[in-house]
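Descriptive structure summary
Residues per chain are reported as follows:
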Amino acid sequence: MKRIRYFDLLRCTCFCFIIFYHLLFQLYLSGICPVERLNPLFSNSNMHLATLGVAVFFMLSGASLSYTAKENFSLAKYYKKRFLRILIPFYILYIVYFLFLLFQSHSVHNIFPEGIPAWRIVFTFLGMDSWVSMHGISTFSLTIGEWFLGCLILLYLIFPLLRFFMIKSEKFFFIIATGIYLIVLFHYDFSVPIHMNFFLKGYEFVIGMMISYYHEKFNPKWIFLSLPVVIFFVLCPFALPISTGLKITILAVAFWISAACLEPVLEKGNGRFLRTISNYSYEVFLVHHIIIYFITPRAIPYMRGMVGVLGLFLVELLLMAVLGFLLKFISDQCIAALSNLTAVENKR
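Residues numbered from 1 in each chain as written. Predicted model: local features only at pLDDT ≥ 70, side-chain atom pairs only at ≥ 80, totals over all residues. Heavy atoms only, no water.

**A word on the packing of aromatic side chains**
Summed over the entire model, instances satisfying the criterion amount to 38 aromatic pairs. Taking 6.3 Å as the distance between ring centres and 75 degrees as the angle between the ring planes, the aromatic pair formed by phenylalanine 73 and phenylalanine 159 counts as edge-to-face. Linking phenylalanine 73 in the loop between helix H3 (49-68) and helix H4 (75-105) with phenylalanine 159 in helix H7 (residues 146-168), this pair joins segments that are 86 residues apart in sequence. Phenylalanine 159 gets classed as buried once you look at its relative accessible area, which sits at 0%. Each ring, one from phenylalanine 164 and one from phenylalanine 165, has its centre 5.6 Å from the other, and the planes form 65 degrees; the classification is edge-to-face. (Phe/Tyr/Trp six-rings, centres within 6.5 Å; stacked < 30°, edge-to-face > 60°. Helix = DSSP H or I, 4+ residues; strand = E, 2+ residues; numbered from the N terminus. Buried < 20%, exposed > 50% of the residue type's maximum accessible area, 1.4 Å probe, protein only.)

Here's what the structure looks like:
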């Protein structure tokens, strides 16, 4: 199956947006820089780089799954591949980070709040502990993957059902999804922030599925509409009088179309650089929180203005690259071993 180059571009870009935001915001949490000075670097009254990056990635997840599942879709193979690819790196990092925290604190009670029922470890096994914690339920979360990972895993679980409905009638499927989206959007009554809501993230996932379905009908001339929308959201000096959730969706779709129009240009290169970064993006995403939250506060004594901040960022980015590479390498070895073991068992 042909690799879509702008998928790699979008994956790299949206993860860079998220990491950049966390790098900056940790400066505020560590008392290095006031938030008023940082806000203009990643947000305005109509957009936020991190929420844009998350929205685009949910769209990308839906599009990638639909694109790769067009032929010979096997439910068993699908769930096996998702489990190995998503949860094995999560398990490895969780265990290593837990042992590191245990070595530092010398007690499990210093890591997790007391009184958490033991059965809630199931949320960790599912990779959804941080997402569940966001809804006010105490779990054994180490914040690896944040709410983002748990929400995405839920969508991966129901993807075969969504795919079934899309194949039956893609237009009716999209109309129903849009109806649910609008009801949630204009009658929002959830405790979690709107940009983290499962139904709104699910709609972005569905948009990605539809984009994949109509991929061959994509018109490059749409960039003359999408690019001005992106520029308008970035430069608009006043807050648009519409819902925050709707702003996120409009900007994410416009940003996607603008990137998709670059496909002919990207096809002229070998794409190795983007493909490499894209292949390691998930592992880097998993480790980046741990590195930023651990390193930044400890670097305060060495901060010397902008030069110190840039040096800090370079060190943290280097550590993300190294640990991301190691995590992927170890994960790939574990996945290969599990696959070989399964193959041997099937032959018996």
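**Here we look at the environment of histidine 288**
As for its position among the elements, histidine 288 is in helix H13 (residues 272-298). Residues histidine 288 and methionine 320, spaced 32 residues apart in sequence, show a C-alpha to C-alpha distance of 5.7 Å. Residues contacting histidine 288, with those up to four places away along its chain left out, are Ile18, Ile19, His22 and Met320. Of note is the side chain of histidine 288, whose polar atom sits 2.8 Å from the side chain of histidine 22. (Contact = heavy atoms within 4.5 Å. Polar contact = N/O pair within 3.5 Å; in protein donor to acceptor, adjacent residues only side chain to side chain.)

**Looking at the pattern of salt bridges**
Tallied over the entire structure, the rule returns four salt bridges. Where glutamate 204 meets lysine 201, a salt bridge forms, and the shortest distance between an N and an O atom there is 2.9 Å. Taken together, the positions of glutamate 204 and lysine 201, both in helix H9 (residues 198-213) and three residues apart, correspond to about one turn of that helix. Glutamate 204 gets classed as buried once you look at its relative accessible area, which sits at 3%. Its relative accessible area of 2% is what places lysine 201 among the buried residues. Taking the shortest distance from any N to any O, the salt bridge between aspartate 332 and lysine 328 comes out at 3.7 Å. Residue aspartate 332 and its partner lysine 328 are located together in helix H14 (residues 305-347), separated by four residues, close to a single helical turn. Assessed through its relative accessible area of 34%, aspartate 332 is described here as partly exposed. Since its relative accessible area comes to 13%, lysine 328 is described here as buried. (Salt bridge = Lys/Arg side-chain N within 4 Å of Asp/Glu carboxyl O.)

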